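Observations on chain architecture
Spelled out, the chains give:
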Amino acid sequence: MRGVLSGLVDFSRIIIMRTASDFDRPFPGQSATTNLFLMSPGFDISIQNIPAAGVPIVTGGILSQWGERLERGLKASNYIGDIFGSLGG
């Protein structure tokens, strides 16, 4: 949000993909670093999912539709705004 407001990011070109495990949500009393490097059962598969989910979007979607559709950006149909109304929404 701050990047858009300062002119550094084009909001029509953002994709938010959640593929990694909740390493930033440690158990009470556990640090985020310990949680990240603890190697919980879901960690390996969550790391493998990053390219498994991201590469098809880039190669099959973004690159193949760049000139005809995506170069000019897309208006989000599901953006409802933030609590400050920063981008309209």
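Residues numbered from 1 in each chain as written. Predicted model: local features only at pLDDT ≥ 70, side-chain atom pairs only at ≥ 80, totals over all residues. Heavy atoms only, no water.

With that settled, the discussion passes to the overall build of the protein. Per the secondary structure count, the protein includes 3 helices and 0 strands. Its helices and strands in sequence order give the protein the pattern α-α-α, from N to C terminus. Against the compact-globule benchmark of 12 Å for 89 residues, the protein has a radius of gyration of 17 Å, which places it well outside the compact range. Taking the principal axes of the C-alpha coordinates as reference, the protein spans close to 45 × 35 × 20 Å. Within the span of the protein, comprising 89 residues, buried residues form 11% of the whole. Long-range pairs, those at least 24 residues apart, make up 59% of the contacts in the protein with a sequence separation of at least 6. Accessible surface computed for the protein: about 7,100 Å², of which carbon and sulfur atoms make up 61%. The protein carries 7 positive and 7 negative side-chain charges, and their two centres are separated by 6 Å. (Helix = DSSP H or I, 4+ residues; strand = E, 2+ residues; numbered from the N terminus. Rg over C-alpha atoms; globule rule 2.2 N^0.38 Å. Buried < 20%, exposed > 50% of the residue type's maximum accessible area, 1.4 Å probe, protein only. Contact = heavy atoms within 4.5 Å. Areas by Shrake-Rupley, 256 points an atom, 1.4 Å probe, with all protein chains shown as cover. Lys, Arg positive; Asp, Glu negative; His and termini not counted. Charge placed at Lys NZ, Arg CZ, Asp CG, Glu CD.)

Right, let's talk about the confidence of the model for the protein for a bit. This prediction gives the protein a mean pLDDT of 79; 91% of its residues lie at or above 70. Mean pLDDT per element in the protein: helix α2 (residues 32-37) is the minimum at 78, and helix α1 (residues 2-5) is the maximum at 85. (pLDDT = per-residue confidence, 0-100.)

Take Gln 30: it is sitting in the loop between α1 and α2. Among residues more than four places away in sequence, those in contact with Gln 30 are Asn 35 and Leu 38.

On to helix α3 (residues 43-70), then. A rise of 1.5 Å per residue sets the reference length of α3, with its 28 residues, at 40 Å; its end C-alpha atoms lie only 33 Å apart and thus fall more than 12% short of the reference. Its axis deflected by about 35° at Ile 62, α3 carries its strongest bend there. Listed in full, the buried residues belonging to α3 are Phe 43, Ser 46, Gly 54, Gly 61 and Leu 70. The secondary structure elements touched by the buried residues of α3 are α2. (Expected span 1.5 Å × (residues − 1). Bend = angle between axes of the 7 residues up to and from the residue.)

The grouping of Leu 8, Val 9, Phe 11, Ile 14 and Ile 16 at the surface amounts to a nonpolar patch, some 520 Å² of accessible area in total. For Ile 14, the position within the fold is in the loop between α1 and α2. (Patch = residues over 30% accessible without salt bridge, like charges linked within 9 Å, V, L, I, M, F, W, Y side chains within 5 Å. Salt bridge = Lys/Arg side-chain N within 4 Å of Asp/Glu carboxyl O.)

The next point concerns the environment of Leu 74. Mapped onto the elements of the fold, Leu 74 is located in the segment after α3. Among the residues examined, Leu 74 registers a relative accessible area of 37% and is labelled partly exposed. Once the C-alpha coordinates of Leu 74 and Ile 15 are considered, the two residues, 59 residues apart in sequence, prove to be 11 Å apart. When near neighbours in sequence (up to four residues on either side) are disregarded, Leu 74 contacts Ser 12 and Arg 69.

Let's shift gears to the environment of Ser 86. Structurally, the position occupied by Ser 86 is in the segment after α3. Ser 86 sits 85 residues away from Met 1 along the chain, and the two C-alpha atoms are 8.0 Å apart. Once you skip the residues sitting within four places of it in the chain, Ser 86 turns out to touch Met 1 and Leu 5.

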